[in-house]
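# Topology and contacts: notes
Below, each chain spelled out in residue letters.
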Amino acid sequence: MFQDLRFSLRLLAKSPGFACAAITVLALGIGLNSGMFTLIYGIAFSPRPFPAPEQIVQVYTQDRQKPEQYRLFSFPLWRDLDARRDLFAGVLAFNHTIVGQQEGGETRRVFASLVSANYFSTLGVSLARGRTFTLDEERPGAAVPVVIVSYAQWRKTGFAADLVGRTLRINERTYTIIGIAPEGFSGTTMLFGPELFFPLGVFESLENFAIGEPRRALDQADSFNLFVAARLAPGVETATARAALNTYAANLERTYPVEFKDQTVTLGALPRLGTSSSPRSEAAVLAFCAVLMGLAGSVLLVVCLNLAGLLLARGQARRKEFAIRLALGASRAQIVRQLCVEGLLLATVGGGLGLIAAQAALGSIIASLEARLPLSLFNVSAGSWVVVFATAAICMLATLAFSLGPALKLSRADVLTDLKQQTGDDGAGPRRAWWRPRNLLVVTQIALSLGLLIIAGLFLRTAAGTATADHGFRADNTVVAEVDSSLGGLDEARSRELFRAAQERLAALPGVQSAAIGSIVPYGFISTGRSVRRDGPALSADAKPATAAEGRSFQGRWNSVGGDYFAVMGLPLKQGRPFSAAEVADPKAPRVVIIDETLARQLWPEGAALGQFVRFAGEGYGAIGAMQVVGIVGAMRVDYFEDSPAGAVYVPFAQGFAHNVHFHVRPVIDTQAAALALVPQVRGALQAAAGGVPVFKVRTFKQHAETSMELWAVGLGSTLLTTFSTFAMFVAVVGIYSVRAYQVSRRTREIGIRMALGARPEAVQSLIFREGLATAAVGVGAGLVLGLGLNRLLGSVLFGVKAFDPVVLLAASALFLGAAALASWFPARRATRVSPTVALRSE
């Protein structure tokens, strides 16, 4: 083995060009697969950050009359469930929030969790330092300012030994650090996780995801604000616990006849990638991961096919060497082993470089993602042992893929014939038959590469068309600024006064046409919705209305806005009027709403929505009552891959108050340059009007939209697919050129004879060129079929990807045929320069 290794090193040292080319393409191919595996492993397969994860289940409350409806738990219901020690070893409660953490003179948004005192103990996690929360700190309304920080936050301090006991400034309040979470702990989810953990006792002061929701104290039985997960008791199976909970739910309904009416309790698997009030399948995510891994594997297969062709070409030139070794007593197995060791050496070096490249690429992707979100990423590292072992396995598979076939073929030598054969001969048989192994390898490379190129083209074309489509509003040349008054310790009344003063100051700036406030910004991190129905009698619990007239509700995006919001955002008012100044400022003003034309058509298909009354459907909205529709606006499309705009409902800001708001400012001159010039003025005006309240990002709306998660995902997907396809196409074209060039060099004597017998150079060039183009045409035909099949599969996973686009198909095919023609033309041109005299003398 070591002798084969030394021989392979000497052999590759004599061919540095081949060695460098092979290592480079292997590094890219293996690195790409290593990076994809790292990402997919972190998403779908990495172990949970706590022991015995199979014993942890998510607990849900489900409506018996409407099984599709689920909701969260209240604090009393959770405490009641936690007492069931016959079923559970522990039941934890939590919710998520976003807080402002002051670091120096800046305030940074941080994703955090509000958790019960038994959160860490139920998950079976011990803190790296300090202690967990106490029952007194968990008690609703206790407001004890303590916090547990993540391991990532500890790392940022340089692992300060005295971190426990220090204080953090959160939402303008001081919190004492009492503990540090263990390394890699991301809570109940994977990939994304909180940086800070707070006790439930500070829920009212920190919880902010229920924007515009009716506020209730946490300890009220009808305050449904908690996600619940449980660890099964020893010996209890999920099915057993689920059956027992059916009886338990009936007892709960007797204890809470109003709050738990028609509800049952059920169990489900703990989600890996998110937190939801209802069971969600993650099969689509796994399918997408499989597609990504398959695409990356296709690129590696193209690389291996290319190298297999090159090794066959190198091996043909070494046939006499192999014949001599066999004649001297070497076995066929020794020849195969030596060639496989040579391939393994190339794959190992390429794999090591690829692993380094994957680490750098993943670091860049993670940094780009974390810059857009107030989240930390966990369990994604190209340096983990699992990833290293997986990369080693990929290297072994690659070695077998590109080395074993050529090794077996080349070791199957006819010693007598090969010893007599001249170096320039290509062996007996129909040399130029397209079904020879090296031609089949090239055809397969072309098919796979063109398939990837078609997928990338269709994805890019769909994404570009969607991003540039009419989204129903014109706000690119406006300025958007984010402010959160809760971080300045202001209550609702003082916040409304601050927001009014800030809006007036912004509207008075030179060069400003108008300014408005909105609680939700399109393409932002937070979106919320409401179910809306026509005003009418309350529906019975078992009612299942089929039409709007019968009381059917429709989901719409919800936003609370100022009176000038629609004018500033360039959202046309189709009917009616905007909100008045009194409606925007006074929470006790008559209830009014503005809906978009999509929701208007759903609620009143006959077209008489203006002036009608609607109400929010669902529990907790009874006190709001009926709201009159005073305006209908155009539909706003805020999802890059929405097939059609969803419905939307807007309420006056005072009736849907939020501490975290966005100010929108429209310049007089509708250009991006004018908006950019306003950015520093807007920031200065807000800082002057909102002293003590941090002002977050101030930028043009176009800049804001470009940082959205959807656009980031589209850009990342486009980059990956373009990288896959471009690299695969490059390798395939190199393969075409290599095979053509090799065949020309092997046919030097034949070409010389043809030209000596009177063949014109143009005829020889045409012969070589036609053979190369025919091989490429066969590959392109197969690639078209493969590309359409793969794109249909991708379209079933990613909404918005077209299954057929003749422009992309023609462009991809023409591009590939053009590249293949060039790759065939150069060797053909070289063939016409062969001197017959030199060719006849060559060996």
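For the structure itself, consult the block above.
Keep in mind that this is a model prediction, so the values were computed, not measured. (Residues numbered from 1 in each chain as written. Predicted model: local features only at pLDDT ≥ 70, side-chain atom pairs only at ≥ 80, totals over all residues. Heavy atoms only, no water.)

### What to know about the overall build of the protein chain
For the protein chain, the helix and strand inventory stands at 25 helices and 24 strands. The 843 residues of the protein chain split such that 53% are buried. In the protein chain, of all internal contacts separated by at least 6 residues, the share reaching a separation of at least 24 is 81%. By element, 60% of the accessible surface of the protein chain is carried by carbon and sulfur atoms, the whole surface being about 35,600 Å². (Helix = DSSP H or I, 4+ residues; strand = E, 2+ residues; numbered from the N terminus. Buried < 20%, exposed > 50% of the residue type's maximum accessible area, 1.4 Å probe, protein only. Contact = heavy atoms within 4.5 Å. Areas by Shrake-Rupley, 256 points an atom, 1.4 Å probe, with all protein chains shown as cover.)

### Section: the nonpolar core
The biggest cluster of nonpolar side chains holds 72 residues, and the ones touching the most others in it are Leu81, Phe88, Tyr119, Leu196, Phe197, Phe198 and Leu200. Those residues in contact with phenylalanine 198 that lie beyond four places of it in its chain are Val99, Ala112, Ser113, Leu114, Val115, Phe133, Val146, Val147, Ile170, Tyr175 and Leu206. Core analysis: the next-biggest nonpolar cluster, separate from the first, contains 51 residues, Ala502, Val561, Val630 and Val661 among them. (Core = buried A, V, L, I, M, F, W, Y, C linked by side-chain atoms within 4.5 Å.)

### Details of a nonpolar patch on the surface
Residues Leu397, Leu400, Leu404 and Leu408 make up a contiguous nonpolar surface patch of roughly 340 Å² in combined accessible area. Its location among the elements puts leucine 400 in helix α12 (residues 385–411). Here leucine 400 falls in the partly exposed class, since its relative accessible area comes to 46%. (Patch = residues over 30% accessible without salt bridge, like charges linked within 9 Å, V, L, I, M, F, W, Y side chains within 5 Å. Salt bridge = Lys/Arg side-chain N within 4 Å of Asp/Glu carboxyl O.)

### Let's talk about the pairing of strand β1 (residues 56–63)
Buried residues dominate β1, accounting for eight of its eight residues. Here β1 shows no split at all, with Ile56, Gln58, Tyr60 and Gln62 on one side and Val57, Val59, Thr61 and Asp63 on the other all buried. One ladder, built from four bridges, connects β1 with strand β11 (residues 227–232); its direction is antiparallel. Directly across from glutamine 58, in β11, lies its bridge partner alanine 229. One ladder, built from two bridges, connects β1 with strand β2 (residues 70–71); its direction is antiparallel. Within β2, the position partnered with threonine 61 by the bridge is arginine 71. Counting the residues in the hairpin turn of β1 and β2 gives six residues. (Pairing = 2+ DSSP bridges.)

### Re helix α10 (residues 319–327)
Residues of α10 that are buried include every one of Arg319, Phe322, Ala323 and Leu326, and no others. The arc that holds the buried residues of α10, viewed along the axis, is 100°, so those residues lie on one side. Taken from the residues just after α10, glycine 329 is the one with a positive phi, measuring 115°. (Arc of directions from axis to C-beta.)

### Some words on the environment of leucine 32
Among the secondary structure elements, leucine 32 is positioned in helix α2 (residues 16–45). Distance from leucine 32 to valine 299, taken between C-alpha atoms, is 8.4 Å for residues 267 residues apart in sequence. With residues near it in sequence (within four places) discarded, leucine 32 still touches Ala27, Ala296, Val299 and Phe724.

### Regarding the packing of helix α3 (residues 75–82) against helix α8 (residues 238–255)
The interhelical angle for the contact between α3 and α8, taken along N-to-C directions, is 135°, at an axis separation of 12 Å. Looking at the two axes, α3 sits oblique to α8. For the pair α3 and α8, the sense of crossing is right-handed. Of the residues in α8, those touching α3 at Leu77, Asp80 and Leu81 are Leu245, Tyr248 and Leu252. (Axes fitted to C-alpha atoms, helices over the stretch in contact; angles between N-to-C directions. Parallel < 35°, antiparallel > 145°, perpendicular 65-115°, else oblique. Left-handed = near helix turned anticlockwise from the far one by under 90°.)

### Some remarks on the pattern of salt bridges
Scanning the model with the defined rule gives 18 salt bridges in all. Across the salt bridge formed by arginine 64 and aspartate 262, the nearest N and O atoms sit 3.8 Å from each other. Taken together, the residues span a long stretch of sequence, with arginine 64 in the loop between β1 and β2 and aspartate 262 in the loop between α8 and β12 (263–269) at a distance of 198 residues. We classify arginine 64 as partly exposed; its relative accessible area is 40%. Exposure remark for aspartate 262: the relative accessible area of 11% places this residue in the buried category. Notably, a salt bridge pairs aspartate 484 with arginine 109, separated by 3.4 Å at the nearest N-O pair. Of this pair, aspartate 484 sits in strand β14 (residues 479–484) while arginine 109 sits in strand β4 (residues 106–115); the two residues are 375 residues apart in sequence, bridging distant segments of the chain. By the burial criterion, aspartate 484 is buried, and arginine 109 matches it.

### Points about the packing of helix α15 (residues 492–507) against helix α19 (residues 672–689)
Two elements in contact, α15 and α19, have axes whose closest approach is 9 Å; the angle formed by their N-to-C orientations is 145°. When the axes of α15 and α19 are compared, the crossing they make is right-handed. Of α19, the residues touching α15 (which contributes Leu498, Ala502, Arg505 and Leu506) are Val682, Ala685, Leu686, Ala688 and Ala689. In terms of residue class, the contact of α15 with α19 is made up of eight nonpolar, no polar and one charged. (Nonpolar A, V, L, I, M, F, W, Y, C, P; charged D, E, K, R; others polar.)

### Brief notes about unusual backbone geometry
The phi dihedral of alanine 52 is positive, around 45°, even though this residue is not glycine. Looking at the secondary structure, you find alanine 52 in the loop between α2 and β1.

### Describing the packing of aromatic side chains
Per the counting criterion, the structure on display carries 26 aromatic pairs. When the centroid spacing of 5.2 Å and the interplanar angle of 75° are considered together, the rings of tyrosine 175 and phenylalanine 198 count as edge-to-face. Taken together, the residues tyrosine 175 in strand β8 (residues 173–180) and phenylalanine 198 in strand β10 (residues 196–199) connect sequence positions 23 residues apart. The pair tyrosine 175 / phenylalanine 198 is uniform in exposure class, with both members buried. Through successive ring pairs, a cluster of aromatic residues spans Phe94, Tyr119, Phe120, Phe185, Phe197 and Phe227. A cation over an aromatic ring shows up here: arginine 71 above the ring of phenylalanine 224, its NZ or CZ 3.8 Å from the ring centre. (Phe/Tyr/Trp six-rings, centres within 6.5 Å; stacked < 30°, edge-to-face > 60°. Lys NZ or Arg CZ within 6 Å of the ring centre and 35° of its normal.)

### Here's the deal with the side chain of aspartate 63
Examined against the element boundaries, aspartate 63 turns out to sit in strand β1. A residue is classified by how much of its surface remains accessible, and aspartate 63, at 13% relative accessible area, is buried. The contact partners of aspartate 63, leaving out residues within four places of it in the chain, are Gln69, Asp262 and Gln263.

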